[in-house]
Amino acid sequence: MSSENTAVLIKGENLRKEFQSRVGGKRQVTRAVDGVSIEVYRGETLGLVGESGCGKSTLGRLLLRLSEPDSGTITYDGTDITNVNMHDYRKEMQIVFQDPAGSLDPKMKVGDIVAEGLELHKIGSSRAQRRQMAQEQLLQVGLGPECMDRHPGSFSGGQQQRIAIARALALSPRFLVCDEPVSSLDVSYQAQIMNLLSDLQKKLGLTYLFISHDLNVVRRLSDRIAVMYLGRVVEQGPADQVCTSPRHPYTQALLAAVPVPDPDVKPADMELADISASVPENGCAFLPRCPYAKDACASVKPQLKEVAEGHFCACHLFAEQ
Ligand code: SF4
């Protein structure tokens, strides 16, 4: 994990992001991302998993500079991009959102949606050429030329997500944040989109940050997995190791909850703790839910430590290793 590692495509260092709100007249601060350092290697899929509200989508947006960090740095392909104008880098890094229907303008034709970024970045010499390029992108995601002049609303959820992927790929990015890309889809479409993302990665040499609350989904596509809990990465390592030999009690709880027979039923004792009321300021955020807590957990924030080659865990149970 050296800063000189040329295998790293994008890196966030000590990223922090807080959101302020008022609840019952009282000011409340939520540390969405609380000092996270993360690296994504060229050509890999890094799965980012955790419950809703743990900060994983915010972290993805920070890496893309779609949201500005309160502090910390972002390095892309060896260049510090924390404060640069992102226009040129936008081509390199794109995002696919959870809800394709919400992310596609219902009034635009599909061909224009896919070609919009090309026009913005002045790629292609004419509208006809950009439409041709858009058509090729649509073919790449399994949609024929007859789709070009239809509106997104006339497609299924799975097809809409294909359109969103074609739009993201139109600018030939190298880094793609996939933010819960199959969560809103029927089960029958989920496998198709996962297979498509996997095929595109192999064909185009893409690098993915794949965000999901569902460890089952993440483990299918990921080379490595980072587990987030209340704004911090608590475990990170090779996907097989994290899933078959989880070290952090939270990862163990997530795995114990997989599969959940009824998606509407949350696993016992896994409700998100109230960050301001329950979590010790200087201790481990998982303390209120942890069956293994010891004295140090209330007063010392555990830091990521290497527990096996390339496998890191932030838990006092591993302090002496
Ligand atoms: Fe549990 Fe302590 Fe480890 Fe936190 S540091 S997960 S409270 S044992």
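Data block above holds the structure.
Everything numeric here is computed off the predicted structure, so don't read it as measured data.

*Asks:* Looking at this structure, I do not really get the packing of aromatic side chains. What am I missing?
*Replies:* Geometrically, a pair of aromatic rings is defined through the distance of the ring centres and the angle of the planes. Overall, the coordinates contain four aromatic pairs when judged by the stated rule. With a centroid separation of 5.1 Å and an interplanar angle of 90 degrees, the aromatic rings of Tyr229 and Phe286 are classed as edge-to-face. Taken together, the positions of Tyr229 in strand β9 (residues 224-229) and Phe286 in the loop between α10 (249-256) and β11 (305-308) put the pair 57 residues apart, joining distant regions of the chain. Comparing Tyr229 with Phe286 shows no difference in burial state: the two are buried. A cation over a ring is seen here: Arg150 above Phe155, with NZ or CZ 4.1 Å from the ring centre.

*Asks:* Teacher, can you tell me more about the pairing of strand β6 (residues 93-96) here?
*Replies:* Side chains on a regular strand alternate between the two faces of the sheet. Side chains Met93 and Ile95 of β6 all project onto a buried face; the interleaved residues Gln94 and Val96 project onto the opposite face, where all are buried too. Sheet topology note: the β6/strand β7 (residues 175-179) ladder contains four bridges and is parallel. Residue pairing in the sheet places Val96 in a bridge with Cys178 of β7.

*Asks:* How should the environment of Val141 be read in this particular structure?
*Replies:* Following the sequence through the fold, Val141 ends up in the loop between α5 (127-140) and α6 (157-169). Given the relative accessible area of 1%, Val141 is considered buried. Along the primary structure Val141 and Gln159 are separated by 18 residues, whereas in three dimensions their C-alpha atoms are 9.0 Å apart. Excluding residues that lie within four positions of it along the chain, Val141 makes contacts with Arg162, Ile165, Ala166, Leu196 and Leu200.

*Asks:* Before we go on, may I ask you to explain the packing of α6 against helix α7 (residues 187-204) in this structure?
*Replies:* To describe two helices that pack against each other, one gives the angle between their axes and the distance between the axes. Taken N-terminus to C-terminus, the directions of α6 and α7 make an angle of 20 degrees; their axes are 10 Å apart at the nearest point. Classed by the angle they form, the pair α6 and α7 counts as roughly parallel. The two elements α6 and α7 meet at a crossing, and its hand is right-handed. Contact residues: Gly158, Gln161, Arg162, Ile165 and Leu169 in α6; Tyr189, Gln192, Ile193, Leu196, Leu197, Leu200 and Leu204 in α7. Of the residues belonging to the contact of α6 with α7, the class tally is eight nonpolar, three polar and one charged.

*Asks:* How should I be thinking about empty space enclosed by the protein in this particular structure?
*Replies:* To find leftover empty space, one rolls a probe the size of a water molecule over the atoms. For the structure on display, the rule yields one cavity of 30 Å³ or more. A volume near 90 Å³ is recorded for the largest cavity. Every residue lining the largest cavity is counted, 14 residues in all, and those nearest its centre are Cys284, Cys290, Cys297, Cys315 and His316. When its residues are assigned to classes, the lining of the largest cavity shows eleven nonpolar, two polar and one charged.

Scoring rules and cut-offs
- Residues numbered from 1 in each chain as written.
- Predicted model: local features only at pLDDT ≥ 70, side-chain atom pairs only at ≥ 80, totals over all residues.
- Heavy atoms only, no water.
- Phe/Tyr/Trp six-rings, centres within 6.5 Å; stacked < 30°, edge-to-face > 60°.
- Helix = DSSP H or I, 4+ residues; strand = E, 2+ residues; numbered from the N terminus.
- Buried < 20%, exposed > 50% of the residue type's maximum accessible area, 1.4 Å probe, protein only.
- Lys NZ or Arg CZ within 6 Å of the ring centre and 35° of its normal.
- Pairing = 2+ DSSP bridges.
- Contact = heavy atoms within 4.5 Å.
- Axes fitted to C-alpha atoms, helices over the stretch in contact; angles between N-to-C directions.
- Parallel < 35°, antiparallel > 145°, perpendicular 65-115°, else oblique.
- Left-handed = near helix turned anticlockwise from the far one by under 90°.
- Nonpolar A, V, L, I, M, F, W, Y, C, P; charged D, E, K, R; others polar.
- 1 Å grid on protein atoms, 1.4 Å probe; cavity = no way out; pocket = protein on both sides within 12 Å on 5 of 7 lines; lining within 4 Å.
- Points joined across faces, edges and corners; volume = space filled by probe spheres on them.

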